[in-house]
Amino acid sequence: MMTTNYLEILAINGKASIQDIGRLNTQHLGFSVSGAADEHAYLYANKLIADHYRKIAASDESTQKKCPALEITLGQITLRANTACTVAIAGADCQVKLNETLISNWQCYQLQAGDIIDFAMPKSGLHSYLAVMGGVKGDEKQQAWLSSFAQTENEMALNVIGNKLKAGSKLFFPKQELLTATTAQKQSLKSSKQLTFFEPNAPELFYPQSQITLRFIASTLFLQFPPKKQSAFLATNYVISPDSNRMGYRLALKNRPIPKNKILADKLRENCVLSKPVTYGMIQFPTNEQPIILMKERQTMGGYPVLGSIMQTDLFRLSQMRPGQGVTFSLTNYQQAQQQLQAFYKKFI
Amino acid sequence: MTTQKNHQLSPTFSIEVVAENAVLLSWPQQISAKQHNNIIALQSALNQQLSSLIVDSVASYHCLMIYYQFQLISTEALIERVTTISTDTNYALNNPDDNSSSEQQLQVCIQIPVYYDTQLQWDLQKVAQHCDISTEEVIKQHSSTIYRSYALGFTPGFCYLASLPKVLSVPRMSSPRTKVPKGAVAIAEQQTAVYPNESPGGWHIIGQTPLAMYQCKNGKFIPTITVGQRVQFYAISKTEFLALEQRAAL
């Protein structure tokens, strides 16, 4: 029997895909890790649902925390709930409307059958997340592909992670049932309403304003630079260039023209010939010396010289920044980066 | 200027901490079957012995990236265990009695049929001109070499094969094509490869294969070529190509 538990995309003008924490163990086969561009907002949305239900039903909602959610890039999407469901919205503020009424970002809502939820283009930021209790998938029979539901644009041709989302696409979710909830609690979910209100740690504060300093772990190559060249890189102001995407962020020099003195000496560059495995946040440095930062949908191998890797918590911040915004770099070490990441995950998982 | 250390552990490889959850092992930068054998032997030993800690590992010509659960083990402890296991692995490699079945499997030579670009739709002519040889000689050189698969990456099932005969060495295209057809057989520098699906690409296309580069079966991804295997190309006619392509589509 066909399930009727879905949200239908009525209109879409931006980009949207299904994302989760990513395909963590298949880079050896050539698969991109992919996953939510901004883990902070993605995990936040799922946690809102998980926490809310733990409160009212004392149920174990640990599985909710990494459920696949809808990642919306630059808003502009309208969905209709075919049956009642619990959702949460987080990330770039899209002035979301529930049945024509403006609702708050970073909150959890109960939707009823027929409810329409509409995301406008955000004034700042890029990615917004719509999480649903139990997660969403593009086809009700869709199984996780290599342990993830993440959709990678370059891998859609393999036809294993569902279709590209468009108007008319349905996002299926499991039956919204609270086994341990009381009748009164169940009754309370029979109207459309906001379920969470109070947020002590304003989640927006996680993100920088118009400029970001990316802390990175230096590569062996960077450590071979003469101090003057290291300082030159650290003193350079870059801007995010328009051809940045979920795969990589390309940076351009803020103050053109390109300086005559190269940061990376030819002799050191010539030592980087063969392709090697690359990881999240690596700073590639092509001959034009305009850095490329590898993001979630990166390829698994790369041939450009690498100056280091940006700490992951800063990458979640970077993922929400737009072309034209400023970037500088500063050094950190892996111990500090690990501490930050561990503290970050403690908040969510 | 920084507190990061480069751990120099043995004369064969160095270990660099490249992320919160990843260390990169680097050997001398060269295309060498012997060195690569050591790398994949170590990879397999690490995956086996540290299975509860390692999330994924990716091998290439001279590197091995190890992704691990940094919440479960300190970087220093991981590096120590990797070093210990590498010493044991070196010992095993020097003892030929220990001939595992996986090593025998690597001796198999995968045959890839290629309809070479004899109608000159792609880059065969340009490659021949650049190398100053005939198109027939390009085909002969390309198909008479036995390659080794050094890395999987770029896209699922894309396998870096080396070494191409020196006479066929051409630099990558100055600007990549936005669309390379599925099954394109291409060359660049010392390498050759098959594009598993239509994708962008900057290598020179000298032919096309009807052979699928992977299968997706029962939720599993099975690449046609695995890292460490031997590969050879052989020429087929257009008629054979079309027949094989049709059979593959069934």
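Residues numbered from 1 in each chain as written. Chains lettered and ligands numbered in written order. Predicted model: local features only at pLDDT ≥ 70, side-chain atom pairs only at ≥ 80, totals over all residues. Heavy atoms only, no water.

## Structural notes on the side chain of Asn197(B)
Next up, step 1: By secondary structure assignment, the location of Asn197(B) is in the loop between strand S11 (191-194) and strand S12 (199-201).
Next up, step 2: Since its relative accessible area comes to 12%, Asn197(B) is described here as buried.
Next up, step 3: One polar contact links Asn197(B) to Tyr214(B), side chain to side chain, over a distance of 2.8 Å.
Next up, step 4: Not counting chain neighbours up to four residues away, the residues in contact with Asn197(B) comprise Ala157(A), Leu158(A), Val180(B), Pro181(B), Lys182(B) and Tyr214(B). (Helix = DSSP H or I, 4+ residues; strand = E, 2+ residues; numbered from the N terminus. Buried < 20%, exposed > 50% of the residue type's maximum accessible area, 1.4 Å probe, protein only. Polar contact = N/O pair within 3.5 Å; in protein donor to acceptor, adjacent residues only side chain to side chain. Contact = heavy atoms within 4.5 Å.)

## Brief notes about the side chain of Thr78(A)
Residue and element names in this part refer to chain A.
Next up, step 1: As for its position among the elements, threonine 78 is in strand S4 (residues 77-81).
Next up, step 2: Polar side-chain contacts of threonine 78 include one of 2.7 Å to the side chain of aspartate 118.
Next up, step 3: Those residues in contact with threonine 78, other than ones at most four positions away along the chain, are Glu8, Ile9, Leu10, Ala11, Ile116, Ile117 and Asp118.

## Some points on the sheet that holds strand S10 (residues 184-188) of chain B
Backbone-to-backbone hydrogen bonds join strands into a sheet, with any given pair of strands oriented parallel or antiparallel.
Next up, step 1: Pairing within the closed barrel is mixed, and its 7 strands lie in the order S6-S13-S10-S11-S8-S7-S16 (chain B). Ignoring which end each strand starts from, the neighbouring axes of this sheet average 40 degrees apart. (Pairing = 2+ DSSP bridges. Axes fitted to C-alpha atoms, helices over the stretch in contact; angles between N-to-C directions.)

## So, the pairing of strand S1 (residues 6-12) of chain A
All names here are of chain A.
Next up, step 1: Relative to strand S11 (residues 170-172), S1 runs antiparallel, the two being bridged by 3 bridges. The partner of leucine 7 across the bridge, within S11, is leucine 171.
Next up, step 2: Pairing geometry for S1 and S4, over 5 bridges, is antiparallel. Bridge assignment links alanine 11 to a residue of S4, and that residue is threonine 78.

## Examining the sheet that holds strand S13 (residues 211-218) of chain A
All names here are of chain A.
Next up, step 1: Taken in spatial order, the 7 strands close into a barrel running S13-S20-S17-S18-S15-S14-S21, and their pairing is mixed. Here the strands of the sheet are splayed against their neighbours by 40 degrees on average, with no regard to which way each runs.
Next up, step 2: Alignment of strand S17 (residues 282-284) against strand S18 (residues 292-294), held across 2 bridges, turns out to be antiparallel. By the bridge assignment, glutamine 284 is partnered in S18 with isoleucine 292.
Next up, step 3: Lying on the sheet, helix H4 (residues 227-235) is in contact with S13, strand S14 (238-240), strand S20 (306-310) and strand S21 (326-332); it crosses S21 at an angle near 140 degrees.

## A few points about unusual backbone geometry
Next up, step 1: Residue Ser163(B) follows Ala162(B) across a cis peptide bond; omega there is -5 degrees.
Next up, step 2: Mapped onto the elements of the fold, Ser163(B) is located in the loop between strand S8 (159-162) and strand S9 (177-180).
Next up, step 3: Even without being a glycine, Leu146(A) presents a positive backbone phi close to 50 degrees.

## Topic: the domain arrangement of chain A
All names here are of chain A.
Next up, step 1: Domain annotation of chain A identifies domain 1 (6-198) and domain 2 (211-348).
Next up, step 2: The C-alpha-based centres of domain 1 and domain 2 are spaced at 31 Å.
Next up, step 3: Summing the contributions of domain 1 and of domain 2, the shared interface buries around 2000 Å²; its carbon and sulfur component is 46%.
Next up, step 4: Scanning the region where domain 1 abuts domain 2 turns up 2 salt bridges.
Next up, step 5: Between glutamate 39 and lysine 296 there is a salt bridge; the shortest N-O distance is 2.9 Å.
Next up, step 6: Put simply, domain 1 and domain 2 have 18 residue pairs in polar contact (both at pLDDT 80 or more) between them.
Next up, step 7: Tallying contributions element by element places helix H1 (residues 39-57) first for the side of domain 1 that touches domain 2, with 6 residues.
Next up, step 8: Split by residue class, the side of domain 1 that touches domain 2 holds 11 nonpolar, 14 polar and 7 charged. (Domains from an automatic or database assignment. Buried area = accessible area lost by both parts, 1.4 Å probe. Salt bridge = Lys/Arg side-chain N within 4 Å of Asp/Glu carboxyl O. Nonpolar A, V, L, I, M, F, W, Y, C, P; charged D, E, K, R; others polar.)

## Considerations on the domain arrangement of chain B
In many reports, interface size means the accessible area that the parts give up when they come together.
Residues and elements named next belong to chain B.
Next up, step 1: On domain assignment, one finds that chain B holds domain 1 (6-103) and domain 2 (107-249).
Next up, step 2: For domain 1 and domain 2, the distance between their C-alpha centroids amounts to 29 Å.
Next up, step 3: The interface is formed by 10 residues belonging to domain 1 together with 12 residues belonging to domain 2.
Next up, step 4: With both chains or domains summed, domain 1 and domain 2 bury close to 870 Å², and 56% of this area falls on carbon and sulfur atoms.
Next up, step 5: On the surface where domain 1 and domain 2 come into contact, there are 0 salt bridges.
Next up, step 6: If you look at where domain 1 meets domain 2, you find 5 residue pairs in polar contact (both at pLDDT 80 or more).
Next up, step 7: Take the side of domain 1 that touches domain 2: its biggest share by element is 4 residues, from helix H1 (residues 33-49).
Next up, step 8: For the side of domain 1 that touches domain 2, the per-class residue count stands at 5 nonpolar, 4 polar and 1 charged.

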